[in-house]
Structures are given as C-alpha cells and as structure tokens.
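Structural overview for review
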Amino acid sequence: MDVSHPLTMGLSPAPLDDWLAPEPDDAQVLGERARLIAEHPGDVIAALPAGAAAVRELAACLRFRFDLSASNDSALVMAALGRACAEDVCVLSGDPDPVLVAAVLCFPNRWRLADKIGRSVTAVHDPVPDYADEMAGQVDRFIARLRPLRLFRRSNWGLARTAELFTPLPSAPLDPRRDPCMVRCERQSFVKLPETGATIFSIRTDMVPWSGLAAAPRQAILAQIDRLSPPWRAYKSISGLP
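So, how was this worked out
Residues numbered from 1 in each chain as written. Predicted model: local features only at pLDDT ≥ 70, side-chain atom pairs only at ≥ 80, totals over all residues. Heavy atoms only, no water. Buried < 20%, exposed > 50% of the residue type's maximum accessible area, 1.4 Å probe, protein only. Helix = DSSP H or I, 4+ residues; strand = E, 2+ residues; numbered from the N terminus. Contact = heavy atoms within 4.5 Å. Polar contact = N/O pair within 3.5 Å; in protein donor to acceptor, adjacent residues only side chain to side chain. Phe/Tyr/Trp six-rings, centres within 6.5 Å; stacked < 30°, edge-to-face > 60°. Lys NZ or Arg CZ within 6 Å of the ring centre and 35° of its normal. Core = buried A, V, L, I, M, F, W, Y, C linked by side-chain atoms within 4.5 Å.

**Details of helix 4 (residues 74-84)**
Because the α-helix completes a turn every 3.6 residues, residues three or four places apart line up on one side. Among all positions in helix 4, only Ser-74, Val-77, Met-78, Ala-79, Ala-80, Leu-81 and Gly-82 are buried. Looking at the buried positions of helix 4, the neighbouring elements they touch are helix 1 (26-39), strand 2 (45-47), helix 3 (52-62), strand 3 (88-92) and strand 4 (100-104). For helix 4, the N-terminal capping position is held by Asp-73, with its side-chain oxygen 3.0 Å away from the main-chain nitrogen of Ala-75.

**So, the packing of aromatic side chains**
Scanning the entire structure with this criterion turns up four aromatic pairs. An angle of 35° between the planes, with centres 5.0 Å apart, marks the rings of Phe-190 and Phe-201 as tilted. Taken together, the residues Phe-190 in strand 6 (residues 182-192) and Phe-201 in strand 7 (residues 199-209) connect sequence positions eleven residues apart. Just as Phe-190 is buried, Phe-201 falls in that class too. Each member of the aromatic cluster is reached from another via a ring pair, and the members are Phe-142, Phe-152, Phe-190 and Phe-201. Above the face of the Tyr-235 ring, Arg-110 is positioned so that its terminal group lies 4.9 Å from the ring centre.

**Side note on the nonpolar core**
Core analysis: the biggest nonpolar cluster contains 39 residues, and Leu-159, Trp-210 and Ile-221 have the highest contact counts within it. Among the elements of the structure, strand 3, strand 4, helix 8 (136-145), strand 5 (151-160), strand 6, strand 7 and helix 9 (215-227) are those that each provide at least two residues to this core. It is helix 8 that provides the largest number of residues to this core, a total of four residues. Among the nonpolar cores identified, the runner-up in size contains 38 residues, and Val-55, Phe-66, Met-78 and Val-191 belong to it.

Put into structure tokens, the structure is as follows:
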C-alpha cells in the first residue's frame, strides 16, 4: 500500500493488458455499480456532446473485453461500461487544456460528478489543497506527453467511517487512533487514446478495515497523517491529531 503524500505523482508504467482487468471479487462490486446506475443515473453518469468521439473510440478499444454496444448515445455507452467494469472511468478531452467530457462515477470520494463535468483538470481539483500551485503543472505536462496506449498508474488513500463506496459529500472528521474506520485505497490509471487524443482516467476503489491492516502500514499512514498540513487534514476529514 502506497501512503505517499497526496500531492506525490508516484506514477509507474504497467502492461496495457492490466488496464480495467477484472479481479476475482468483482461480482459484489459490479452488483452495487448496477444498482447505482439504475437508481441514481443522474448522479453517476455524465456525457457531453464534445466527448462523443472519445467515447466511441473508448468503446471500440474495449469492445473485445466488455459487451459494449455501438450506440451513438454516449451516456448509454458509459452506463454499459459502468455495469461491466469494476472501475470508475472518466474521459478527458484531447484538447491542450483537457476537460472532463464523460464519466461513469459510481464511487466518488467527496466530489459530485454534476459539479465537475465540463471543467478542466485544474478546475476539477479546485478543492484540493496546494494543487494549483504544486501539482497542476506536473499533471498537465504528464497528460500532454503521455503516449497513446501506454498505461501509467498511481495510488491514493484516505480514511472513511464506513465501507460505503458512494460518498459524494464530505464526512465528519475522524481520528484513526480513536475511531473505528476504513482505509480507502484508490488505484488510479491513465491511458491516452490514439485517434482523439482523449485521456482515460480510471479509478479502482477498495475499502480495507483499519483493524485488518498489519502494524507497518498502520504506522506508515499515521506518520503520513502527522505530516499533513491543517488544510490537508480538513480536506481528508481527519481530526484529533497534533
């Protein structure tokens, strides 16, 4: 488990065959994703006309792996992908200043898709402390230089009071030294499509009970938390620490 500071890029290359690959315990996750898409489509699916070509290219790339129709309705394609794949998938336009143009986001962590669709990568990260000054340039350069069909990954982490995966709103602050909690582990992936130049950002989320972690990762998380600034602790809903 990588528990680097959240502003660390920490990107590593991986084989393209690993992109959106299924895992043995996906059935329960896929069931929850299907429920959310059926009951709350407006909260978890978004697609702008500007992203139609990128969504078509994405569907063509993945048709060999998932049962995706050739529909011209981008929202229907994203919904089908959301039911077939355990990861959330966001489509960033191939523009010099990429914009979020489509997504299936069943498992958000303190953000609402409706608030972010149509916004640039930097604007999407507005609430993230220090992002604009310390990380936006790195992210923009990485996306601009990313070669088509090369997979890169990074990790992100957080704490949560419950194992609930659909958490678009901030939760009450918690102290992992005192409060029962879960560790939210995100594996984030980036792949650029060759024709439209769109970048596909996907997120696989796993929830691990704090009590189930070994001593070493628990101590690593606590040490990283102690180094977080007050704005970062507030953003991550962490309290009660020095």
